[in-house]
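What follows is the residue order along each chain.
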Amino acid sequence: MAYLVAANWKMNKTNAESLEYVNIFKELYKEYLPNIEVMIAPSFTALEAVGLALNNTTIKLGAQNMYFEEKGAFTGEVSPVMLKELNVEYVILGHSERRHIFGEKDEIVNKKVLSTIKHGLRPIICVGETLEERELGKTLSVVERQIRAAISGIEREVYLVDIAYEPVWAIGTGVNATPEQAQEVHKFIRELLNSVSRGNDKNTRIIYGGSVNEKNARELIKEKDIEGFLVGTASLYPEKFYKIITECLEV
Ligand code: 13P
């Protein structure tokens, strides 16, 4: 499976700014890089324009969230059907900002995961412990709980999802997990996925997120079970994002 290197722009960039970025990025990313899949998740308001600008490229389009129903009285929400129509392929689900700022619980994340799969979208399920949980030695149990809940009902079809390990304490802080810290959790996740899916996890990428930048990407990607990145802050700059991608070549 190719590495997955994904940009999560979060609530940044207007439509015009998004297009400006894509134009610069397309100039940098002219040549298809083997074994690396690149995805950009702009804000909802820029999805259509960015999607059109990415037409005829290998760059995939992602959404940062989604509601699990197809339509109806859910003010402010966006449905899988709406995303499909815009050629969205990936949906980031259960991001720590969704969980901690907007109170999204495991059960809701699971409903969203099931809905993406029903509609042929590929979820990137985010999991990760807070600093307090890490200090209490609960990292692996928290990650296990989040994963088991998120994939409940599709355990044997786990190849349809990707997982992003994003320790909450590393997000937007400039403090990334060390390669060893990340590898420990990625290895645990790989074993968990392998066991719950009974070996059907080969196409599931486990990617790392949390203060990834062009300087630390290479050391992180060298780890055996790190299969790509979910990048926030550094992905807002086309040159930095492109450098992170090239750091994943030939490791
Ligand atoms: P930063 O790269 O800004 O730490 O954000 C990581 C993240 O949350 C990606 O989803």
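Here the structure is shown first, and the text comes after it.
The notes below deal with the structure included here. Note that the structure is predicted; figures quoted are calculated from it, not measured.

**Section: the site of the ligand**
Then, in step 1: Around the ligand, the surrounding shell consists of Asn8, Lys10, His95, Glu166, Ala170, Ile171, Gly172, Gly210, Ser211, Leu230, Gly232 and Thr233.
Then, in step 2: One of the backbone nitrogen or oxygen atoms of Gly172 is found 2.6 Å away from an oxygen atom of the ligand.
Then, in step 3: A distance of 2.5 Å separates an oxygen atom of the ligand from a polar side-chain atom of Thr233.
Then, in step 4: Coverage of the ligand by the protein amounts to 98% of the 310 Å² it exposes when considered alone.
Then, in step 5: Per-class residue counts for the shell around the ligand are three nonpolar, seven polar and two charged.

**With respect to the packing of helix α1 (residues 15-28) against helix α10 (residues 238-247)**
Then, in step 1: Following both chains from N to C, one finds α1 and α10 inclined at 40°, their axes separated by 9 Å at the closest point. α10 is crossed by α1, and the crossing has right-handed handedness. Contacts from Tyr21, Ile24, Phe25 and Leu28 in α1 reach Pro238, Glu239, Phe241, Tyr242 and Ile245 in α10.
Then, in step 2: Across the contact of α1 with α10, the residue classes break down as eight nonpolar, no polar and one charged.

Basis of the calculations
Residues numbered from 1 in each chain as written. Predicted model: local features only at pLDDT ≥ 70, side-chain atom pairs only at ≥ 80, totals over all residues. Heavy atoms only, no water. Near = heavy atom within 4 Å. Polar contact = N/O pair within 3.5 Å; in protein donor to acceptor, adjacent residues only side chain to side chain. Areas by Shrake-Rupley, 256 points an atom, 1.4 Å probe, with all protein chains shown as cover. Nonpolar A, V, L, I, M, F, W, Y, C, P; charged D, E, K, R; others polar. Axes fitted to C-alpha atoms, helices over the stretch in contact; angles between N-to-C directions. Helix = DSSP H or I, 4+ residues; strand = E, 2+ residues; numbered from the N terminus. Left-handed = near helix turned anticlockwise from the far one by under 90°. Contact = heavy atoms within 4.5 Å.

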